[in-house]
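# A structural walkthrough
Letter by letter, the chains look like this.
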Amino acid sequence: MRATLSLLGGLTLLAVASSATAGSPPVVVIDPGHDLRANLQTEPIGPGSATRKIKDGGGTRGVVSGTPEAELNLAISLRVRTLLERAGVRVVMTRSRTTGTSIGNVARTRIANRADAALFLRIHADGAASPSTRGSHTLYPAPRPGWTDDIYSRSRSAARTVQRELIRSLRFPDRGLQERSDMTGFNWADVPAILVEVGFMTNPIEDRALATEAYRSRAATGICRGALRFLGISPAAC
Ligand SMILES: [Zn+2]
């Protein structure tokens, strides 16, 4: 939130109001992974880094359903948005359609930083070489000095809470948590960040399930409950 005040002599003062201001609702930035098209341009893996990665490889696809991951991610994300808003949370989406070329992970993360998000909630589904690989897991940033050391413990705490509630609601096998130092979308974050891998679209059982409204709702409910618990809000609204 920014307010520009014009002062005498043309001097401009930029006042930045924090979402921590008393009375304002917490902000969750929901990031539905990928988009209609991959983005093979590169970007630095973290601020000031010479190491570059492609902006977006495009994601996976349902082995039975044929559903692109970007569509599943958005379908679950929109349900999470509805549930969180019902609980009084202000939600900002990095995208709300699947129609373009992915903006990449730095741009997605900047949206979360600018919103001063209480949680940057990235929603994905996974793919693996083996069709038998299945289950849900949640990623969070490793503590890299100068990059993520300041958001490490809050992110880990959010990952734990969301993973527990996701498993409770969706009932896919629990693959636990994964700490990652190689993810652009974590290394640029100045706010607590997690990435939920709801299930494996390369596993026929999970792909078929995630193609249904019932399982998409169960995933959204679990993610919502975890996010609200992390924010210290009653999860009853989910
Ligand atoms: Zn993905």
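The text that follows walks through the structure, step by step, so that each part is easy to find. On a predicted model such as this, the values are computed, not experimentally measured, just so you know. (Residues numbered from 1 in each chain as written. Predicted model: local features only at pLDDT ≥ 70, side-chain atom pairs only at ≥ 80, totals over all residues. Heavy atoms only, no water.)

## Structural notes on the coordination of the zinc ion
Heads up, the rule is: The donor set covers N, O and S atoms within 2.8 Å of the metal, switching to 3.2 Å for Na, K and Ca, and it leaves out water, so a site may look short of donors. Counting from the N terminus, the helices are DSSP H or I runs at least four residues long and the strands are E runs at least two residues long. Categorising residues by exposure relies on relative accessible area from a 1.4 Å probe, with only protein chains included: less than 20% of the type maximum marks a residue as buried, more than 50% marks it as exposed, and the intermediate range marks it as partly exposed.
Taken together, the protein ligands of the zinc ion are H34 (NE2), E69 (OE) and H124 (ND1), with distances of 2.1 to 2.2 Å. Expressed as a motif, the donor residue spacing for the zinc ion is H-x34-E-x54-H. In this pair, H34 sits in the loop between β3 (27–32) and β4 (39–44) while H124 sits in strand β7 (residues 119–126), placing the two residues 90 residues apart along the sequence. The same class applies to H34 and to H124, which are both buried.

## So, the sheet that holds strand β6 (residues 90–93)
Selection criterion: Only strands joined by at least two bridges in the DSSP assignment are considered to pair. Simply put, an axis is a line fit to the C-alpha atoms, just over the touching stretch for a helix, and the angle between two N-to-C directions goes from 0 to 180 degrees. Contacts were defined at the residue level, with two residues in contact if any of their heavy atoms lie within 4.5 Å.
Strand order across the open sheet formed by six strands is β6-β3-β7-β10-β8-β9, with mixed pairing between neighbours. One side of each edge strand has no neighbouring strand; the edge strands of this open sheet are β6 and β9 (174–180). Put simply, the sheet's adjacent strands are angled 20 degrees from each other on average, direction ignored. Bridge analysis of strand β8 (residues 136–141) against β9 gives five bridges, and the strand direction is parallel. Considered in β9, the bridge of S136 is made with D174. Packed onto the sheet, helix α6 (residues 213–231) meets β3, β7 and β10 (193–200) and runs at close to 155 degrees relative to β7.

## Things to note about the nonpolar core
As a reminder, the rule being used: Buried Ala, Val, Leu, Ile, Met, Phe, Trp, Tyr and Cys residues that are joined via side-chain atoms within 4.5 Å together make up what is termed a nonpolar core.
Membership of the largest hydrophobic core comes to 39 residues, with the highest contact counts inside it found for L84 and L121. Going through the elements one at a time, β3, α1 (69–86), β6, β7, α3 (152–170), β10, α5 (204–210) and α6 are the ones with two or more residues in this core. In terms of residue count, the dominant contributor to this core is α6 (eight residues). L139, M183, F186 and A193 belong to the second-largest nonpolar core, a separate cluster that totals 14 residues.

## Structural notes on unusual backbone geometry
At D116, a position not held by glycine, the phi torsion is positive, near 50 degrees. Mapping D116 onto the fold places it in the loop between α2 (105–114) and β7. A positive phi angle, near 65 degrees, is found at R171, a position not held by glycine.

## A few points about the pattern of salt bridges
The following threshold applies: A pair is scored as a salt bridge if a Lys or Arg side-chain nitrogen falls within 4 Å of a carboxyl oxygen belonging to Asp or Glu.
Tallying each qualifying case throughout the model produces nine salt bridges. In this structure, R108 and D56 form a salt bridge, with 3.7 Å as the shortest nitrogen-oxygen distance. Highlighted residues: R108 in helix α2 and D56 in strand β5 (residues 52–56), separated in sequence by 52 residues. Each member of the pair R108 and D56 is classed as buried. Notably, a salt bridge pairs R79 with E213, separated by 2.2 Å at the nearest N-O pair. With a gap of 134 residues between them, R79 in helix α1 and E213 in helix α6 connect regions that are remote in the sequence. Among the ionic contacts, a cluster of salt bridges with common partners joins D31, D56, R108 and R122.

## Re the packing of aromatic side chains
So the rule is basically this: Any pair of Phe, Tyr and Trp rings, taking the six-membered ring for Trp, is counted once the centres come within 6.5 Å. Such a pair is stacked with planes under 30 degrees apart, edge-to-face with planes over 60 apart, and tilted for the rest.
In total, this model carries two aromatic pairs according to the counting rule given. Each ring, one from Y140 and one from Y152, has its centre 6.2 Å from the other, and the planes form 40 degrees; the classification is tilted. Of this pair, Y140 sits in strand β8 while Y152 sits in helix α3, and the two are twelve residues apart along the sequence. Like Y140, the residue Y152 is buried in the burial classification.

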